[in-house]
Amino acid sequence: MARSWLALALLLSACSPPPASTEAPLTPEAKSYVHKLQLSEVGLKATDSYTGQTVTEIVGKIANNGERTIQYAAVTCVFYDRAGQVIKRERVPLIKTDLKPGEIRSFRLPFDDIPDSWNNQMPTLVIAAVRFA
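Conventions used here
- Residues numbered from 1 in each chain as written.
- Predicted model: local features only at pLDDT ≥ 70, side-chain atom pairs only at ≥ 80, totals over all residues.
- Heavy atoms only, no water.
- Helix = DSSP H or I, 4+ residues; strand = E, 2+ residues; numbered from the N terminus.
- Buried < 20%, exposed > 50% of the residue type's maximum accessible area, 1.4 Å probe, protein only.
- Areas by Shrake-Rupley, 256 points an atom, 1.4 Å probe, with all protein chains shown as cover.
- Polar contact = N/O pair within 3.5 Å; in protein donor to acceptor, adjacent residues only side chain to side chain.
- Contact = heavy atoms within 4.5 Å.
- Core = buried A, V, L, I, M, F, W, Y, C linked by side-chain atoms within 4.5 Å.

Looking at this structure, I do not really get the overall build of the protein. What am I missing?
Counting its secondary structure elements, the protein contains 2 helices and 6 strands. Mapped from its N terminus to its C terminus, the protein presents α and β elements in the order α-α-β-β-β-β-β-β. Across the 133 residues of the protein, 30% fall into the buried class. Here the protein displays about 8700 Å² of accessible surface, and carbon together with sulfur accounts for 55% of that area.

Sorry, what's going on with the side chain of Asn64 here?
In this fold, Asn64 is placed in strand β2 (residues 54–64). A polar contact is formed between the side chain of Asn64 and the backbone oxygen of Arg68, at a distance of 2.7 Å. Within the local environment of Asn64, its side chain forms a polar contact with the backbone oxygen of Leu99, the two atoms lying 3.0 Å apart. With sequence-adjacent residues up to four places away left out, Asn64 is seen in contact with Tyr33, Lys36, Leu37, Thr69, Ile70, Leu99, Lys100, Pro101, Gly102 and Glu103.

Explain the nonpolar core here, please?
Nonpolar side chains in soluble globular proteins tend to end up buried together. Counting 23 residues, the largest nonpolar core has Ile70, Cys77, Leu109, Phe111 and Val130 as the members making the most contacts within it. Only α2 (28–33), β2, β3 (70–80), β4 (86–95), β5 (104–111) and β6 (124–132) provide two or more residues apiece to this core. Residues contacting Val130, with those up to four places away along its chain left out, are Leu26, Ala30, Val34, Leu37, Ile70, Tyr72 and Ala73.

By themselves, these figures tell us nothing about what the structure is for.
Below is the structure:
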């Protein structure tokens, strides 16, 4: 009987939907501003961590070409396999401190859990959150 409950609990936990993102979608105001945030010099870099694990990093620069200070921005990184299927989608912070109008800042997005089936190509980057100062 205990095995039946355990099997049912495992089945229910496997079938439950993933937790919803705690971040709100882009507001109309943020959507209209996104085109003023420009990513440049974006590239991939692989490094070995001190534990011997390979860390894949997306590095580049972001420019605020608008008239408002950005307090926070996040980007969704979408990784694909060789067949073009999505294998990983992750939202990560891009800006955590104020990015003033006209300012350019470097960024580094490390990933240590990309599936082996990844096609080793640049993932799709979509600005998914913008919060104004």
